[in-house]
Each structure stands twice: as structure tokens, then as C-alpha cells.
Amino acid sequence: VSSIAEASLSLAGFFNADAGVHIHLPPAINNVESESSDIDELTEVGESNVEGKGLFAAQDIPTGVVVAHMLIPARMKRSAWNEYHPAAGLPHDAAIYVARSPLVFFDAAWIEPERPPKWYRINHSSNPNLALGLLDASKPPQEQSIVWRTTRRVDRREELFFTYEDVPAEWDDM
């Protein structure tokens, strides 16, 4: 697969409508990149003090800035995800689980398991400096982009965190 669009098409062919899969290229992605002033330059991956690799601020970042986003946000039912991720070679936690929902969100651009997107390196904290959200909640679901925004000023070299849903209680002690 040589492009994100081709990856999207090949993934779409893997599923049928009954699996509850929706893959789209939201036009709002262009707004994410311009709004966040070179999003890739804001962060860098490094060794986490919490677990494995983490995502860190490469510079001081003010409140409300988008620091990460899914390139091709897609969603599917949890049951379909449980079949998809092993077949695609992706880890089980390569999806965002939505509380009280049968859906998960994942990045359909992630097609090489050994090359995870930067957002995957954001670790959990019960005291986060990022919030997961939609770039523009007024858009229809098929056009929404999933982003992580700073909830306060973040200093250069500070690790970035958001609060995961449904984590073991001991994770909040980390």
C-alpha cells in the first residue's frame, strides 16, 4: 500500500456493512494542521517515566492547542475491533474505547504495526494535561476529526497525558 487513500480503500474492503465500520477522510484534518502550527513539531516521542514510550512537548505549548490527531479517524463496533486488530497486526489498545458505547475509534492510517502514530504514545494519567475530543463537534460524525488538546500550559520536555476510559484502579496511582 503506497498511500493513505489506498490504505483506506484496502481497509474498507476488509469489512462489510454489518461489521459497523466507517472509514472516512475528514476535511477538517487540514484545519488541525494549520490551527496547531506544525503539529508534528510540537511533540516528540521519548522514554516515559510511566510506561514504555511517551509523547513529550518539544516546546512550551499554550492551553487549547491541538498536539495530536488521528490521520484517518474510523470507527467500528467493539466486537468487530476484537477481530480486526489481530488480523491487522495492531495491538488491542490501538483504539479509543468510548464509555457506554459499543463503538471504538481507531486510526485507519495506522497500517504498519511497527510504526505507530504519535497519538498512540500518549500515556494515561488521572491528572492529564490533554483532553481527547473532536475538532468540530458541530460537523456530522463522518466528518469529525479526533484530536488531543492541551488543557493547560505544557512546558518543554513535559510528558503529555490524557485520561483513558476503563482502566484498572492501580493505573491511577502511577
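No experiment lies behind these values; they were computed from the predicted model shown. (Residues numbered from 1 in each chain as written. Predicted model: local features only at pLDDT ≥ 70, side-chain atom pairs only at ≥ 80, totals over all residues. Heavy atoms only, no water.)

(A) The arrangement of the overall build of the protein chain in detail. Each helix and strand counted, the protein chain has 4 helices and 11 strands in total. Taking contacts inside the protein chain between residues at least 6 apart in sequence as the whole, the part at least 24 apart equals 68%. When the accessible area of the protein chain is evaluated, it comes to approximately 9400 Å², of which 49% is carbon and sulfur surface. (Helix = DSSP H or I, 4+ residues; strand = E, 2+ residues; numbered from the N terminus. Contact = heavy atoms within 4.5 Å. Areas by Shrake-Rupley, 256 points an atom, 1.4 Å probe, with all protein chains shown as cover.)

(B) The arrangement of the sheet that holds strand 4 (residues 66-69) in detail. Strand order across the open sheet formed by 3 strands is 4-10-9, with antiparallel pairing between neighbours. With partners counted over all chains shown, the strands left at the sheet margins are strand 4 and strand 9 (130-134), one partner each. When strand polarity is set aside, the average angle formed by the axes of neighbouring strands in this sheet is 30°. The sheet contact formed by strand 4 and strand 10 (residues 146-150) spans 3 bridges and is antiparallel. Its bridge partner being in strand 10, His-69 is matched across the sheet by Val-147. (Pairing = 2+ DSSP bridges. Axes fitted to C-alpha atoms, helices over the stretch in contact; angles between N-to-C directions.)

(C) Fine view of the pattern of salt bridges. Scanning the model with the defined rule gives 5 salt bridges in all. Between Glu-158 and Arg-152 there is a salt bridge, and its shortest N-O distance comes to 2.4 Å. The shortest N-O distance in the salt bridge between Arg-153 and Asp-155 comes to 3.3 Å. What makes Arg-153 partly exposed here is its relative accessible area of 45%. Each of Asp-60, Arg-153 and Asp-155 takes part in a single network of salt bridges with overlapping partners. (Salt bridge = Lys/Arg side-chain N within 4 Å of Asp/Glu carboxyl O. Buried < 20%, exposed > 50% of the residue type's maximum accessible area, 1.4 Å probe, protein only.)

(D) Highlighting unusual backbone geometry. Positioned with a positive phi, Arg-157 is a non-glycine residue whose angle comes to about 75°. In this fold, Arg-157 is placed in the loop between strand 10 and strand 11 (161-162).

(E) Expanded view of the pairing of strand 2 (residues 43-47). In this sheet, strand 3 (residues 53-57) lies alongside strand 2 in antiparallel orientation, the contact comprising 5 bridges. Directly across from Thr-43, in strand 3, lies its bridge partner Ala-57. A loop of 5 residues connects strand 2 with strand 3, the two strands running antiparallel in sequence, and Gly-52 in this loop sits at a positive phi of about 55°.

(F) View of the nonpolar core. Of all hydrophobic cores here, the largest spans 32 residues; its most connected members are Val-67, Trp-81, Phe-106, Trp-119, Ile-122 and Trp-148. Put simply, the parts of the chain that give this core at least two residues each are strand 3, strand 4, strand 5 (73-77), helix 4 (78-88), strand 6 (95-97), strand 7 (103-107) and strand 10. Residue contributions to this core peak at 3 residues, all from helix 4. (Core = buried A, V, L, I, M, F, W, Y, C linked by side-chain atoms within 4.5 Å.)

(G) Main features of helix 4. Within helix 4, the full set of buried residues consists of Ala-80, Trp-81, Tyr-84 and His-85. Across the axial projection of helix 4, the buried residues extend over an arc of 120°, all falling on one side. Counted as exposed and oriented over 90 degrees from the buried face of helix 4: Glu-83 and Ala-87. Of the residues flanking the end of helix 4, it is Gly-89, one or two places downstream, whose phi is positive at about 75°. (Arc of directions from axis to C-beta.)

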